[in-house]
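Structure assessment
Residue-level listing of the chains:
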Amino acid sequence: MSKQPKTPVQKNEIVEVTIEDMTHEGAGVAKVNGYALFIPKAIPGERVKIKVVKANKGYGFGRLLEHLEMSADRVEPPCPIYHQCGGCQLQHMSYESQLKVKQKQVKDVLERIGKVTDVTVHPTMGMSDPWRYRNKAQVPVADREGGLVAGFYQERSHEIIDMEECLIQQQANDDVVQAVKKIAQENGLRGYDEKSHRGTLRHVVARYGLMTGEVMVVLVTRTEELPNKQRIVEQIQAQLPKVKSIVQNINSKRTNVIFGEKTKVLWGEEYIYDSIGDVKFAISARSFYQVNPKQTKVLYDKALEYANLSGSEQVIDAYCGIGTISLFLAQKAKHVYGVEIVPEAIDDAKRNAKLNHITNATFAVGEAEKVIPWWHAQGIRADVIVVDPPRKGCDEALLKTIIAMKPKRVVYVSCNPATLARDLRMLEDGGFKTQEVQPVDMFPHTSHVETVVWLVRN
Ligand code: SAH
């Protein structure tokens, strides 16, 4: 017989605990004799009865059975499928308390990981109306008895649950998904089946330009052949007057990746447009573009304020994507150099520069940690360096180059406080001082938090 590991609680045990903290995924944390239990949807301060569902060596998981004391921050989640969907993690908390929790998470992690203690972490900048903000919906489709379903994958499975609306999605996108589901059904399209790799329609993707009201519909199909194509296109046009672009993307692979390589315009334009502040953006089916443009403006305004440009500065924008921040900064800088690893994103950045008649921005494809040292060696200098890396943070070689280039200011935009904290430590040790930290809520009701940090050289 194998030895039972000695944990303070065992699987299936029912215990009463007090929630002391919250994970970055939004779960409550309780301790039993120092042993951490993670309890989804429990809120700090609550006293709860739980069932232990998993007891690993170092930590365990519990399921909330009953409240003994309920937090004043708790609210009834407005979405009827909140508990099945998993797309949102914080709808059971008031929006005000979500913003406070995000501020605290940033502050705690900067102290714990980055040892950055003597700095102001401002209250999270939130939305006045934190609903229906997403400008892109990507919804998987499948066949069920009784017809097509389009919705989300049930937690820990690949079973698609049909969805009528998503409360964080722009209404226009919800309208597209519902209408296209019906139109596809009426025209005899089969939903894609992962197991047998059969069926036609894999995903319905809807994109919305907040400032223009333009809508794009993307039908992601397994085959190039699309039965009743003409009728489908006509019905979409007739039922959804805001649609400016209908495209088909073909993904014939067995994969979880949504898009395939080939995209065909079925009707209308290849692009829809949106703008952030005074800068206009062309968005194609596969372009990366910020999903909450209203808060993106708030974030970029903060970045611009921290960059403190007078018009004479040379600026580097590392991890520039489609050049959103670069073009925003170019309006106030002498010259901006943007670098990004995805070639298509750089094509978009150049197109967007032209679209806005911006001539003082240069874009390069490559790894930031290779291109920027090369620029440095070529004698390019930077007064301000902006970085906006993916979740894993900045490459160490890039941080070393920033330290060597000695810009006056660094503006760090981060989607992961833990790697931000690690990188701030290195920048501080290399001669920079963190001035201000501003969390911005780009994704209300989810556990994500975005942060802008202002550093100056000592
Ligand atoms: N600043 C942009 C996008 C930030 S997302 C915006 O605000 O819209 C981070 C970007 O970094 C992605 O576009 C990703 O493709 C890119 N990236 C990832 N690793 C990289 C690397 N090593 N060098 C340059 N870019 C990279």
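Residues numbered from 1 in each chain as written. Predicted model: local features only at pLDDT ≥ 70, side-chain atom pairs only at ≥ 80, totals over all residues. Heavy atoms only, no water.

Right, let's get into the overall build of the protein chain. Each helix and strand in the protein chain was counted, giving 10 helices and 23 strands. For the protein chain, whose C-alpha radius of gyration is 24 Å, the value lies close to the compact-globule estimate of 23 Å for 458 residues. With the C-alpha coordinates aligned to their principal axes, the bounding extent of the protein chain is approximately 65 × 65 × 45 Å. Among the 458 residues that make up the protein chain, the fraction classed as buried is 54%. Across the protein chain, the fraction of contacts at a sequence separation of at least 24, relative to all contacts at a separation of at least 6, is 64%. If you sum the accessible surface of the protein chain, you get close to 21,300 Å²; carbon and sulfur atoms cover 50% of it. (Helix = DSSP H or I, 4+ residues; strand = E, 2+ residues; numbered from the N terminus. Rg over C-alpha atoms; globule rule 2.2 N^0.38 Å. Buried < 20%, exposed > 50% of the residue type's maximum accessible area, 1.4 Å probe, protein only. Contact = heavy atoms within 4.5 Å. Areas by Shrake-Rupley, 256 points an atom, 1.4 Å probe, with all protein chains shown as cover.)

Attention now goes to the sheet that holds strand E23 (residues 450–457). The strand order E7-E22-E23-E21-E20-E17-E18-E19 describes an open sheet built from eight strands, whose pairing is mixed. The sheet terminates laterally at strand E7 (120–121) and strand E19 (361–365), the two strands that pair on one side only. Strand direction decides the pairing type here: strand E20 (residues 384–387) and strand E21 (residues 409–414), joined by four bridges, are parallel. Among the inter-strand pairings, Val386 is bridged to a residue of E21, identified as Val411. (Pairing = 2+ DSSP bridges.)

It is worth spelling out the pattern of salt bridges at this point. All told, the structure shown has 28 salt bridges when counted by the stated rule. Residue Asp21 is joined to Lys104 by a salt bridge in which the shortest nitrogen-to-oxygen separation is 3.8 Å. Here the residue Asp21 occupies a position in strand E2 (residues 21–22), and Lys104 occupies one in helix H2 (residues 95–112), the gap between them amounting to 83 residues. Salt-bridge contacts for Glu396 lead to Lys400; the nearest nitrogen and oxygen are separated by 3.5 Å. Of this pair, Glu396 and Lys400 both sit in helix H9 (residues 396–405), four residues apart, which is roughly one turn of that helix. Ionic contacts of the salt-bridge type, sharing partners, join the residues Asp118, Arg425, Glu428, Asp429 and Lys433 into one network. (Salt bridge = Lys/Arg side-chain N within 4 Å of Asp/Glu carboxyl O.)

Summed over the entire model, instances satisfying the criterion amount to seven aromatic pairs. Through a chain of ring-to-ring contacts, the aromatic side chains of Phe38, Tyr59 and Phe61 assemble into a single cluster. We note Lys41 situated over the ring of Tyr82; from NZ or CZ to the ring centre the distance is 4.6 Å. Between Arg202 and the ring centre of Tyr192, over which it is positioned, the NZ or CZ distance is 4.2 Å. (Phe/Tyr/Trp six-rings, centres within 6.5 Å; stacked < 30°, edge-to-face > 60°. Lys NZ or Arg CZ within 6 Å of the ring centre and 35° of its normal.)

This paragraph deals with the domain arrangement of the protein chain. For the protein chain, the assigned domains read domain 1 (14–69), domain 2 (100–128 + 292–457) and domain 3 (136–276). Between the C-alpha centres of domain 2 and domain 3 the distance comes to 34 Å. Domain 2 puts 11 residues into the contact, and the matching count from domain 3 is six residues. Buried area between domain 2 and domain 3, both sides added, is near 620 Å², and the carbon and sulfur share of it is 81%. Considering only the surface of domain 2 that becomes buried against domain 3, Pro293, Arg351 and Leu355 emerge as the three largest contributors, covering 50% of it. At the junction of domain 2 and domain 3, the tally comes to zero salt bridges. Mapped by element, the contributors of at least two residues to the side of domain 2 that touches domain 3 are helix H5 (293–307), helix H6 (324–330) and helix H7 (343–355). (Domains from an automatic or database assignment. Buried area = accessible area lost by both parts, 1.4 Å probe.)

On to the pairing of strand E8 (residues 136–144). Both E8 and strand E11 (residues 201–208) contribute to a ladder of five bridges, which runs antiparallel. Bridge pairing in E11 links Val139 to Val204. One ladder, built from four bridges, connects E8 with strand E9 (residues 147–153); its direction is antiparallel. For Asp143, the partnering residue across the bridge sits in E9 and is Leu148. Linking two consecutive strands that pair antiparallel, namely E8 and E9, is a turn of two residues; a positive phi of about 95° is found at Gly146 within it.

What follows deals with the environment of Val48. Position of Val48 relative to the elements: it lies in strand E5 (residues 47–55). Remark: the alpha-carbon pair of Val48 and Val15, spanning 33 residues in sequence, is separated by 8.4 Å. Discounting chain neighbours no more than four positions away, the residues touching Val48 are Val15, Glu16, Val17, Ile19, Leu64, Glu66, His67 and Leu68.

The next thing to look at is H7. If you check H7, its first and last C-alpha atoms are 18 Å apart, about what 13 residues at 1.5 Å a residue would give, namely 18 Å. Along H7, the positions that sit buried rather than exposed are Ala345, Ile346, Asp348, Ala349, Asn352 and Ala353. All buried residues of H7 lie within an arc of 155° about the axis, which places them on one face of the element. Facing away from the buried side of H7, by more than 90 degrees, are the exposed residues Glu344 and Lys354. The secondary structure elements touched by the buried residues of H7 are strand E16 (279–283), H6, strand E18 (335–340) and E19. (Expected span 1.5 Å × (residues − 1). Arc of directions from axis to C-beta.)

All right, on to the sheet that holds strand E4 (residues 35–39) then. An order of E1-E5-E6-E4-E3-E2 is seen for the six strands of this open sheet, with the pairing classed as mixed. Pairing within the sheet leaves two strands with one partner each, and these edge strands are strand E1 (14–18) and E2. In this sheet, E5 lies alongside E1 in antiparallel orientation, the contact comprising five bridges. Within the sheet, the bridge partner assigned to Val17 lies in E5 and is Val48.

Viewed as axis vectors pointing N to C, helix H8 (residues 368–377) and H9 meet at an angle of 25°, and their least axial separation amounts to 8 Å. By the angle between their axes, H8 is roughly parallel relative to H9. In this structure, H8 crosses over H9, and the sense of that crossing is left-handed. Across from Ala368, Glu369, Ile372, Pro373 and His376 in H8, the residues of H9 making contact are Ala397, Leu398, Thr401, Ala404 and Met405. Residue composition of the contact of H8 with H9, grouped by class: seven nonpolar, two polar and one charged. (Axes fitted to C-alpha atoms, helices over the stretch in contact; angles between N-to-C directions. Parallel < 35°, antiparallel > 145°, perpendicular 65-115°, else oblique. Left-handed = near helix turned anticlockwise from the far one by under 90°. Nonpolar A, V, L, I, M, F, W, Y, C, P; charged D, E, K, R; others polar.)

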